[in-house]
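Commentary on secondary and tertiary structure
These are the residues of each chain, in order.
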Amino acid sequence: MAIVLTGDRPTGKLHLGHYAGSLISRKVLQDQHTQYIMIADTQALTDNASDAAKVTTNVYELAADYLAVGLDKSTIFIQSQVPAISELAIYYLNLVSIARLQRNPTVKSEIQQKGYSEDLPAGFLCYPVSQAADITSVRADIVPAGSDQMPMIEQTNEIVRKFNRLYNSEYLKEASIYLSAVPRLTGLDGKAKMSKSLGNAIYLADEPEEIKRKVFLMFTDPDHLKASDPGRVEGNVVFTYLDAFHSDTEYVAELKAHYQRGGLGDVTIKNILNDRLQQIIGPIRERRAQLSKDMIYEKLLEGTQKVQLIAQQTVEEVKAAMGLNYFKKY
Ligand code: TRP
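Everything quoted here is computed from the prediction, not taken from an experiment. Sequence positions are assigned chain by chain, starting from 1 and proceeding in written order. Local features are withheld for residues below a pLDDT of 70 in this predicted model, meaning they are given only at 70 or higher, and side-chain atom pairs are given and counted only at 80 or more; totals for whole chains, interfaces and linings count all residues. Derived side-chain values reflect all non-hydrogen atoms in the structure, with water molecules and hydrogen atoms excluded from consideration.

**A few points about the overall build of the protein chain**
A run of DSSP states H or I qualifies as a helix once it reaches four residues; a run of E qualifies as a strand once it reaches two. Both are numbered from the N-terminal end. Helix and strand counts for the protein chain stand at 14 helices and five strands. By principal-axis analysis of the C-alpha atoms, the protein chain measures approximately 85 × 45 × 40 Å. Using a 1.4 Å probe on the protein chains alone, a residue whose accessible area is under 20% of its type maximum counts as buried, one over 50% counts as exposed, and one in between counts as partly exposed. Across the 330 residues that make up the protein chain, the buried fraction comes to 49%. In what follows, a contact means two residues having at least one pair of non-hydrogen atoms within 4.5 Å. For the protein chain, the share of sequence-separated contacts (at least 6 apart) that also reach a separation of at least 24 residues comes to 77%. In short, Shrake-Rupley with a 1.4 Å probe defines the accessible areas, and a residue's cover is counted only from the protein chains shown. Summed over all atoms, the accessible surface of the protein chain reaches about 16,300 Å², with 53% contributed by carbon and sulfur. Charge assignment in this entry is limited to Lys and Arg as positive and Asp and Glu as negative, and neither His nor the chain termini are counted. Charge positions are represented by NZ for Lys, CZ for Arg, CG for Asp and CD for Glu. Charged side chains in the protein chain number 37 positive and 40 negative. The centres of these two groups are separated by 3 Å.

**Remarks on the site of the ligand**
Around the ligand lies a shell formed by Leu-5, Thr-6, Gly-7, Arg-9, Met-38, Ala-40, Gln-43, Gln-131, Asp-134, Val-143 and Gln-149. Side-chain polar atom of Arg-9 to an oxygen atom of the ligand: 3.3 Å apart, as the coordinates give it. Polar contact is the term for a pair of N or O atoms within 3.5 Å; when the atoms are in protein, one must be able to donate a hydrogen and the other to accept it, and sequence-neighboring residues count only if both atoms are side-chain atoms. Asp-134 places a side-chain nitrogen or oxygen 2.8 Å from a nitrogen atom of the ligand. Look at the ligand: alone it shows 360 Å² of surface, and the protein chains cover 88% of it. Among the secondary structure elements, those contributing two or more residues to the shell around the ligand are strand S1 (3–8) and helix H8 (127–137). Ranked by residues supplied to the shell around the ligand, first place goes to S1 with three residues. We define proximity as follows: a residue is near a molecule or strand when any one of its heavy atoms falls within 4 Å of that partner.

**Re helix H3 (residues 52–69)**
Helix span, as expected, comes to 1.5 Å for every residue beyond the first. Along its 18 residues, H3 runs 26 Å from first to last C-alpha, staying within 8% of the 26 Å computed at 1.5 Å per residue. Bending is quantified residue by residue as the angle between axes fitted to the seven-residue window ending at that residue and the seven-residue window starting at it. Along its length, H3 reaches its greatest deviation from straightness, about 25 degrees, at Asn-58. Within the sequence span of H3, burial applies to Val-55, Asn-58, Val-59, Tyr-60, Leu-62, Ala-63, Ala-64, Asp-65, Tyr-66, Leu-67, Ala-68 and Val-69. At the C-terminal side of H3, Gly-70 shows a positive phi close to 105 degrees.

**Some details on the pairing of strand S5 (residues 176–179)**
At least two DSSP bridges between two strands are needed for those strands to be called paired. Pairing between strand S4 (residues 142–145) and S5: four bridges, direction parallel. Bridge assignment links Pro-144 to a residue of S5, and that residue is Tyr-178.

**With respect to the side chain of Asp-8**
When you line up the elements, Asp-8 lands in strand S1. The buried category is assigned to Asp-8, whose relative accessible area is 15%. Side chain to side chain, Asp-8 and Arg-26 meet in a polar contact 2.9 Å long. With residues near it in sequence (within four places) discarded, Asp-8 still touches Arg-26, Met-38, Ile-39, Ala-40, Leu-62 and Tyr-66.

**Thoughts on helix H10 (residues 208–217)**
In an α-helix there are 3.6 residues to a turn, and that puts residues three or four apart on one side. Among all positions in H10, only Ile-211, Lys-214 and Val-215 are buried. Viewed end-on, H10 has its buried residues packed into an arc of 105 degrees, placing them on one side of the element. Exposed residues lying more than 90 degrees from the buried face of H10 are Glu-209 and Leu-217. The inward-facing, buried residues of H10 abut helix H13 (266–290). Think of the arc as the fan of directions from the helix axis to the C-beta atoms.

**What about the nonpolar core?**
Judged by nonpolar contacts, the single largest core of 49 residues is most densely connected at Leu-16, Tyr-19, Tyr-66, Ile-202, Met-218, Tyr-241 and Phe-245. The leading source of residues in this core is H3, at nine residues. Among the nonpolar cores identified, the runner-up in size contains 41 residues, and Leu-5, Ile-111, Tyr-116 and Val-143 belong to it. Grouping buried Ala, Val, Leu, Ile, Met, Phe, Trp, Tyr and Cys residues that are joined through side-chain atoms within 4.5 Å yields what is termed a nonpolar core.

**Overview of the packing of H8 against helix H9 (residues 150–166)**
All axes are obtained by fitting lines to C-alpha atoms, using only the stretch in contact for helices, and the reported angles, taken between N-to-C directions, cover 0 to 180 degrees. For the pair H8 and H9, the least separation of the axes is 9 Å and the interaxial angle reads 70 degrees. Comparing their axes, H9 and H8 come out roughly perpendicular. Between H8 and H9, the residues in contact are Tyr-127, Pro-128, Val-129, Gln-131, Ala-132, Ile-135 and Thr-136 and Met-152, Ile-153, Gln-155, Thr-156, Ile-159 and Val-160, respectively. Counted by class, the contact of H8 with H9 contains nine nonpolar, four polar and no charged residues. Just so you know how the angles are binned, under 35 degrees is roughly parallel, over 145 roughly antiparallel, 65 to 115 roughly perpendicular, and the rest oblique. Residue polarity follows a fixed list, in which Ala, Val, Leu, Ile, Met, Phe, Trp, Tyr, Cys and Pro are nonpolar, Asp, Glu, Lys and Arg are charged, and the others, Gly among them, are polar.

**Digging into the packing of aromatic side chains**
For any pair of aromatic rings, geometry is given as the distance between the ring centres together with the angle between the planes. Classification of ring pairs uses Phe, Tyr and Trp, with its six-membered ring standing for Trp, and accepts pairs whose centres are within 6.5 Å; under 30 degrees between planes counts as stacked, over 60 as edge-to-face, and the remaining range as tilted. One pass over the structure, following the stated rule, counts seven aromatic pairs. Members of the aromatic cluster, each reached through a chain of ring pairs, are Tyr-19, Tyr-241 and Phe-245. The lysine or arginine in question, Lys-13, covers the ring of Tyr-203, its NZ or CZ lying 5.2 Å from the ring centre. Of note, Arg-139 hangs over the ring of Tyr-171, and the distance from its end group to the ring centre comes to 4.2 Å. We call a charge positioned over a ring when the NZ of a Lys or the CZ of an Arg lies within 6 Å of the ring centre and within 35 degrees of the ring normal.

**Here's the deal with the side chain of Arg-100**
Considering the arrangement of structural elements, one finds Arg-100 in helix H5 (residues 98–103). If we ignore the near neighbours within four places in the chain, the residues touching Arg-100 are Gln-155 and Glu-158.

**Some words on the packing of H3 against H13**
Close contact between H3 and H13 brings their axes to 8 Å; oriented N to C, the two are set at 120 degrees. One finds that H3 runs oblique with respect to H13. The way H3 lies across H13 gives a crossing that is right-handed. Together, Ala-64, Asp-65, Leu-67, Ala-68 and Val-69 of H3 and Ile-284, Arg-287 and Arg-288 of H13 make up the contact between the two elements. Each crossing is labelled by how the near helix is turned from the far one, with a counterclockwise turn of less than a right angle marking it left-handed and a clockwise turn marking it right-handed.

Structure follows, in structure tokens:
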């Protein structure tokens, strides 16, 4: 049994891209390991300080999504409510140079995307350090995440090694990333990854008619005008989604062959995909409807209190290694 820590920034509801890319594997991991799932509100504030309400309202939405999907065997907690994480981050900040932070490829591209220059928030530049605090606070061995998180794990492990070396300690542990095997799901338009900001996502909280409407908006093959025409499967979003979400791969292969030969219309394949997505999202919607606000907050409180104790223990060990345990020497 390993200790697993993963998390998301609460900046929006979860969509099918999250479902394929991380939620399914978290469901498997929670049965095999001790899994912590962190709602990274502190991290989300590093680039949303002027819109704190966006972050705080989405904490609840994210927790509802987790529980609706069935992640109830994991310990779900809220980052900002674990002060030991912030405390760890303060000490780790001394182990990292500004130049090293500026070289972090993920942070670098996010800075570019968001158009930051002189106005770059210091907290944003330093969020990989706070992420090292997240990971080490529960002494995680494994961090399931996308490849964009690889630089964060590398930085975490550099901090761990530097800490252990400087303070002659063996307390902190390095973590390894557990990469998702599923490629990033494209959006409905087929142009980019599914994302809230691009408006091309199907949400786990969408109503049945909304899902259907979105499936019928999907990009297929612009040259496939009549059902009898041969159609293209590459770049055809309906087939991308059938590959990602239909368990019967032989059936999907037959559909593809038929589409390529001609004689299979877009309406038919869209109906097939819609049925499949309704089958997946239906039970999630039902479970969500059974969750009350109280149940969600109770679960969050229980998980958060559990992590508070663990992280407090970690920060005390860390401070002791640095000699910051003045009152324990008597
Ligand atoms: N940076 C992650 C993201 O943007 C979220 C996150 C914060 C995280 N802390 C973490 C992920 C710790 C894994 C482990 O998706």
